[in-house]
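Architecture and fold: a report
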Amino acid sequence: MDKLQQLSVFRRVVETGNITRAARDLAMSQPSVSRIIGELEGRLGVPLLLRSPRGLSATEAGQAFHAEAVRILEQLDEAEATVRGAQASLAGLVRIACVATFFNQVVLPWLQDFLLAHPGIQIDARLDPRPVDLIGEGIDLAVRFGPIREQSLIVRRLGRIDFSLFASPAYLQRAGMPETPEALAEHEFCRLTIGRANSLLTLDGPDGRTVTLETHGHFSADSVDSTHAAARAGLGIALLAPWGVMEEVEAGMLVPVLPGWRAEPRDVHAVWPGSRGLPRRVRAVVDILVEKARAEPRLRAR
């Protein structure tokens, strides 16, 4: 049995979570894929996949083997590209994980010219608001906010953003415009629950003053897009990135609340698994993100 074929088949099965989809992607029959996986597990002497009615997932041993399979296959691709003299051309799939709003409004415009210049590059954007398991899900690169605690990841800082308060004209007409941070205690908030341990909000003022207050409201969500939509619908005040609402502010759909006050500054990072080498196509994307971030005023928090 060709060991490289086993690696390729196993990688695709793990990344699709489905024998049928993997077989289709590999232009193979479903029985052939099942047989190859069975032979691989038999040769290694350990189960690599957990089978359930919801599909397939890698065991702990399978996750470790998947990471090594990806590393070996990508190194082989790099070696072949070098031998073919393809150093000037970039091709292949790059899987990027990022929150949808930041990807659509910032990352995608950054990559536009690069993708037009390198038609062989394919981008697969995974826009789950929660951090994903980069190795387990076969993700090449992620853009994340805040501290990076996984020591298995390589981190490249892109910049820093901060957040401000916004509400709709309808809400402010009904509840009034707060004139001081302390007045926010009387207002409804559209609260973001993901990544937050409590409902406390800390604001930094333009004069250096810091105020911490408890927020409350009838709407909460684990997605910034949802709290954004709720604020636009008049359900309360939301903490949003100013760069993400500029057009709505200009159109009068949202109004800044307590202009000059900022909250929760967060570093923005590009991260990727440190357990495998970085393919040229992924390195090229990282380089573009770093280059564009240097000139991006929206990533320069005050």
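Scroll up a little and you will see the structure.
This write-up is about the structure you can find in this document. (Residues numbered from 1 in each chain as written. Predicted model: local features only at pLDDT ≥ 70, side-chain atom pairs only at ≥ 80, totals over all residues. Heavy atoms only, no water.)

Looking now at the overall build of the chain. From N to C terminus, the chain includes nine helices and 13 strands. Its C-alpha atoms give the chain principal-axis dimensions of about 75 × 45 × 30 Å. Expressed as a percentage of the 302 residues in the chain, the buried residues total 43%. Considering only residue pairs separated by 6 or more positions, the chain has 76% of its internal contacts joining residues 24 or more positions apart. Of the roughly 15300 Å² of accessible surface on the chain, 53% is carried by carbon and sulfur atoms. (Helix = DSSP H or I, 4+ residues; strand = E, 2+ residues; numbered from the N terminus. Buried < 20%, exposed > 50% of the residue type's maximum accessible area, 1.4 Å probe, protein only. Contact = heavy atoms within 4.5 Å. Areas by Shrake-Rupley, 256 points an atom, 1.4 Å probe, with all protein chains shown as cover.)

All right, on to unusual backbone geometry then. Here the phi dihedral of Ala27 falls at roughly 55°; this positive angle occurs in a residue that is not glycine. Looking at where Ala27 falls in the secondary structure, it is placed in the loop between α2 (19-25) and α3 (30-44). The exposure class of Ala27 is exposed, given its relative accessible area of 73%. The backbone of Leu258 shows a phi angle near 55°, a positive value even though the residue is not glycine. When you line up the elements, Leu258 lands in the loop between β12 (255-257) and β13 (262-273). Judged by relative accessible area, which is 6%, Leu258 ranks as buried.

Looking now at the pattern of salt bridges. If you walk through the whole model with that rule in mind, you get 13 salt bridges. The closest approach of N and O atoms between Glu15 and Arg95, which form a salt bridge, is 3.2 Å. Of this pair, Glu15 sits in helix α1 (residues 3-16) while Arg95 sits in strand β3 (residues 92-97), and the two are 80 residues apart along the sequence. You can call Arg95 buried: its relative accessible area is 6%. A single network of salt bridges, built from pairs that share partners, joins Arg11, Arg12, Glu15, Arg24, Asp25 and Arg95. (Salt bridge = Lys/Arg side-chain N within 4 Å of Asp/Glu carboxyl O.)

Within this structure, the stated rule accounts for three aromatic pairs. Relative to Trp110, the ring of Phe102 has its centre 6.4 Å away and its plane inclined at 90°; by these criteria the two rings are edge-to-face. Taken together, a centroid distance of 5.0 Å and an interplanar angle of 90° make the contact between Phe102 and Phe145 edge-to-face. One end of the pair, Phe102, is in helix α5 (residues 100-117); the other, Phe145, is in strand β5 (residues 141-145), with 43 residues separating them in the sequence. Judged by its relative accessible area of 1%, Phe102 is buried. Overall, Phe145 belongs to the partly exposed group, its relative accessible area being 23%. Among the aromatic side chains, those forming a connected cluster through ring pairs are Phe102, Trp110 and Phe145. (Phe/Tyr/Trp six-rings, centres within 6.5 Å; stacked < 30°, edge-to-face > 60°.)

What follows covers a nonpolar patch on the surface. A contiguous nonpolar surface patch, about 210 Å² in accessible area, is contributed by Leu4, Ile72 and Leu76. Along the polypeptide, Ile72 turns up in helix α4 (residues 60-83). According to the relative accessible area criterion, Ile72 is partly exposed, its value standing at 33%. (Patch = residues over 30% accessible without salt bridge, like charges linked within 9 Å, V, L, I, M, F, W, Y side chains within 5 Å.)

So, on to the environment of Leu56. Inspection of the secondary structure assignment puts Leu56 in strand β2 (residues 55-58). With 41 residues separating them in the primary sequence, Leu56 and Glu15 have C-alpha atoms 9.6 Å apart. Residues in contact with Leu56, not counting those within four places in the same chain, are Val13, Gly17, Asn18, Ile19, Leu49, Leu50 and Arg51.

A separate point is the pairing of strand β6 (residues 153-167). Direction of pairing for β6 relative to β13: antiparallel, over a ladder of nine bridges. Across the sheet, residue Leu153 finds its bridge partner in β13, namely Pro273. (Pairing = 2+ DSSP bridges.)

Glancing now at the nonpolar core. Core analysis: the largest hydrophobic core is formed by 47 residues, its most contacted members being Phe102, Leu141, Leu158, Leu165, Leu184 and Leu289. The greatest single-element share of this core, amounting to eight residues, is contributed by helix α9 (residues 280-294). Not counting residues up to four positions away in its chain, the partners in contact with Leu141 are Arg95, Ile96, Ala97, Ala270, Val271, Trp272, Val282, Val285, Val286 and Leu289. (Core = buried A, V, L, I, M, F, W, Y, C linked by side-chain atoms within 4.5 Å.)

Over its 18 residues, α5 extends 24 Å from the first C-alpha to the last, a length consistent with the 26 Å expected when each residue adds 1.5 Å. Along α5, the sharpest change in direction is near 45° and occurs at Leu108; proline Pro109 comes one to four residues later. Residues of α5 that are buried make contact with β3, β4 (121-126), β5, α7 (224-232), β13 and α9. (Expected span 1.5 Å × (residues − 1). Bend = angle between axes of the 7 residues up to and from the residue.)

Let us look at the side chain of Glu188. With respect to the secondary-structure elements, Glu188 resides in strand β7 (residues 188-192). Only 2.9 Å separates the side chain of Glu188 from the side chain of His218, close enough to count as a polar contact. Excluding its chain neighbours within four sequence positions, the residues that come into contact with Glu188 are Tyr171, His216, Gly217, His218, Leu235, Gly236 and Ile237. (Polar contact = N/O pair within 3.5 Å; in protein donor to acceptor, adjacent residues only side chain to side chain.)

What follows is about the packing of α5 against α9. With their axes 10 Å apart at the nearest point, α5 and α9 run at an angle of 120° to one another. The angle between α5 and α9 falls in the class oblique. Like other packed secondary-structure pairs, α5 and α9 cross with a definite hand, here right-handed. Seen from α5, the contacting residues are Val107, Trp110, Leu111 and Phe114; seen from α9, they are Ala284, Val285, Ile288, Leu289, Lys292 and Ala293. A per-class count over the contact of α5 with α9 returns nine nonpolar, no polar and one charged. (Axes fitted to C-alpha atoms, helices over the stretch in contact; angles between N-to-C directions. Parallel < 35°, antiparallel > 145°, perpendicular 65-115°, else oblique. Left-handed = near helix turned anticlockwise from the far one by under 90°. Nonpolar A, V, L, I, M, F, W, Y, C, P; charged D, E, K, R; others polar.)

Honestly, that's just the spatial picture; any functional story needs more than this.
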